[in-house]
Number of protein chains: 2
Amino acid sequence: MNAINLEQKLEVFSKHWSPKVVSSYNENEIMVVKVQGEFNWHSHPDSDDFFFVVKGKMRIEMRDDKKMLPTVYLSEGELYVVPKGVEHRPVADEEAHLMLIEPKGMPNTGDEKTAAIKEKI
Amino acid sequence: MNAINLEQKLEVFSKHWSPKVVSSYNENEIMVVKVQGEFNWHSHPDSDDFFFVVKGKMRIEMRDDKKMLPTVYLSEGELYVVPKGVEHRPVADEEAHLMLIEPKGMPNTGDEKTAAIKEKI
């Protein structure tokens, strides 16, 4: 029974786009992740996708039927929830540190074949 | 489609223990709240209870069948999830700013009769 310090958890690994599970909330995993560069375009048909910026900046590009939607720009202390089914691509020009919340077992890429293994730390 | 800045949301109200809804994630509400002093002892039989400290410090006292469990102390950038069914009391000696996540419609006091109305801001 200890508080979870997100920055401390983020200090113990360096790999980008490799979410680490730090806690859980009902049937969801709470994760931290370091990101840099462009992730792949993907969507989650059955779940919203929660992003919170712990450090740095990032943006979430979104599109609907290949038509670009307005990009959401996130700085430290800001959050955005991508609505379920909306195709999106997280991008960070420089390394950023995020907290993510996703249902347990949901593939981070939207596809089990390419999904990262979410190790608990 | 804009990022949600938690500190900006916290600037627009001052009342303590009055959660404001800033976004949603699946069937959950994402809220910010200002706290100071002792909240009431309560539990949520059907849901975990997510706390993240945006600013300041607080603690979560917990008990099981009236027997005190170890208290969890939280500082800025730290989170804790109270497991469902565990009786708990959030306490802040000085004002602290939190992000909370709870299922939509769940009473924050564990009791509909005493629950705060969760206004969207």
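Above this text is the structure in question.
Residues numbered from 1 in each chain as written. Chains lettered and ligands numbered in written order. Predicted model: local features only at pLDDT ≥ 70, side-chain atom pairs only at ≥ 80, totals over all residues. Heavy atoms only, no water.

**Some thoughts on the packing of aromatic side chains**
Inspection of every chain in the model, using the stated rule, returns five aromatic pairs over all chains. Taking 6.5 Å as the distance between ring centres and 80° as the angle between the ring planes, the aromatic pair formed by Tyr25(A) and Phe50(B) counts as edge-to-face. Taken together, the residues span two chains, with Tyr25(A) in strand 2 (residues 20–25) and Phe50(B) in strand 4 (residues 49–55). Accessibility expressed as a relative area gives 1% for Tyr25(A), which makes it buried. A cation sits over an aromatic face here: Lys20(A) above Phe13(A), 5.3 Å from the ring centre. In this arrangement the basic side chain of Lys34(B) is found over the ring face of Phe13(B), its NZ or CZ atom lying 5.5 Å from the centre. (Phe/Tyr/Trp six-rings, centres within 6.5 Å; stacked < 30°, edge-to-face > 60°. Helix = DSSP H or I, 4+ residues; strand = E, 2+ residues; numbered from the N terminus. Buried < 20%, exposed > 50% of the residue type's maximum accessible area, 1.4 Å probe, protein only. Lys NZ or Arg CZ within 6 Å of the ring centre and 35° of its normal.)

**A short note on the nonpolar core**
Generally speaking, soluble globular proteins have nonpolar side chains that are buried together. Membership of the largest hydrophobic core comes to 30 residues, with the highest contact counts inside it found for Phe50(A), Met99(A), Phe50(B) and Met99(B). Residue contacts for Phe50(B): discarding those within four places in its chain leaves Tyr25(A), Ile30(A), Met99(A), Ile101(A), Leu79(B), Tyr80(B), Val81(B), Met99(B), Leu100(B) and Ile101(B). (Core = buried A, V, L, I, M, F, W, Y, C linked by side-chain atoms within 4.5 Å. Contact = heavy atoms within 4.5 Å.)

**Some details on the interface of chain B and chain A**
Every contact between the two is made by 33 residues of chain B and, on the other side, 33 residues of chain A. Regarding the contact of chain B and chain A, the summed buried area is about 2600 Å², with carbon and sulfur atoms giving 63% of it. On the chain B side of the interface with chain A, the three residues burying the most area are Met1(B), Tyr25(B) and Leu79(B), jointly 28% of the side's total. The tally of links between chain B and chain A comes to zero salt bridges. Across the contact surface, chain B and chain A share 12 residue pairs in polar contact (both at pLDDT 80 or more). Of all the secondary-structure elements, those providing two or more residues to the side of chain B that touches chain A are strand 1 (4–5), strand 2 (20–25), strand 3 (28–38), strand 4, strand 6 (67–75), strand 7 (78–82) and strand 8 (87–103) of chain B. Element by element, the count of residues in the side of chain B that touches chain A is highest for strand 6 of chain B, at five residues. Here the residues of the side of chain B that touches chain A sort into 20 nonpolar, eight polar and five charged. (Buried area = accessible area lost by both parts, 1.4 Å probe. Salt bridge = Lys/Arg side-chain N within 4 Å of Asp/Glu carboxyl O. Polar contact = N/O pair within 3.5 Å; in protein donor to acceptor, adjacent residues only side chain to side chain. Nonpolar A, V, L, I, M, F, W, Y, C, P; charged D, E, K, R; others polar.)

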